[in-house]
Amino acid sequence: MLIERVLCNLLENAAKYCPPGSHIELSAQTMDAELLVSVADDGPGFPAGMEQGLFDKFVRGGTESAIPGAGLGLAICKSIVLAHGGRIWARRGEAGGARFSFSLPLGKPPEIDLAKLGGQPRP
């Protein structure tokens, strides 16, 4: 459910900061022992040098704008991805736009003890 929140935040940001008619691309692939997910757009992008700072609390990609937001969405994404043992980063497009990517380790999900949760184990 938390990874769904990451995807929603990244897609909502792309839609919010790109002008009408822009393209947004969602991609996913496995590489070695990781899942790599990216959201890329051909919008205005963000200022050079902001690649890491965008994930700090209360930071927004540009100067004051009419677009509402508190600057917490990417910080939340970073916290969620790190809690899952992954990493997250941003890149500026060569011709404008932005690409936000995150990776998560692949592996066997943890076992859930349903008895502790008040449920019955499956046969």
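A quick note: this is a predicted structure, and the numbers were derived from the prediction, not measured.

Formed by 18 residues in total, the largest nonpolar core has its most connected members in Val6, Leu10, Phe100 and Phe102. Among the elements of the structure, helix 1 (2-17), strand 2 (34-41), helix 2 (73-83), strand 3 (87-92) and strand 4 (98-105) are those that each provide at least two residues to this core. Contact partners of Phe102, with chain neighbours within four places excluded, come to Ile3, Val6, Leu7, Leu10, Leu35, Leu36, Val37, Val81, Arg87, Ile88 and Trp89.

This brings us to the sheet that holds strand 4. In space, the four strands of this open sheet follow the order 1-2-4-3, with antiparallel pairing throughout. Unpaired on one side and paired on the other, strand 1 (24-31) and strand 3 mark the two borders of the sheet. Each strand axis lies, on average, 15° off the axis of its neighbour in the sheet, ignoring direction. Bridge count between strand 3 and strand 4: six bridges; the pairing is antiparallel. Considered in strand 4, the bridge of Arg87 is made with Ser103. Where helix 1 meets the sheet, its contacts fall on strand 1, strand 2 and strand 4, and the angle it forms with strand 4 comes to roughly 175°.

Definitions and cut-offs
- Residues numbered from 1 in each chain as written.
- Predicted model: local features only at pLDDT ≥ 70, side-chain atom pairs only at ≥ 80, totals over all residues.
- Heavy atoms only, no water.
- Core = buried A, V, L, I, M, F, W, Y, C linked by side-chain atoms within 4.5 Å.
- Buried < 20%, exposed > 50% of the residue type's maximum accessible area, 1.4 Å probe, protein only.
- Helix = DSSP H or I, 4+ residues; strand = E, 2+ residues; numbered from the N terminus.
- Contact = heavy atoms within 4.5 Å.
- Pairing = 2+ DSSP bridges.
- Axes fitted to C-alpha atoms, helices over the stretch in contact; angles between N-to-C directions.

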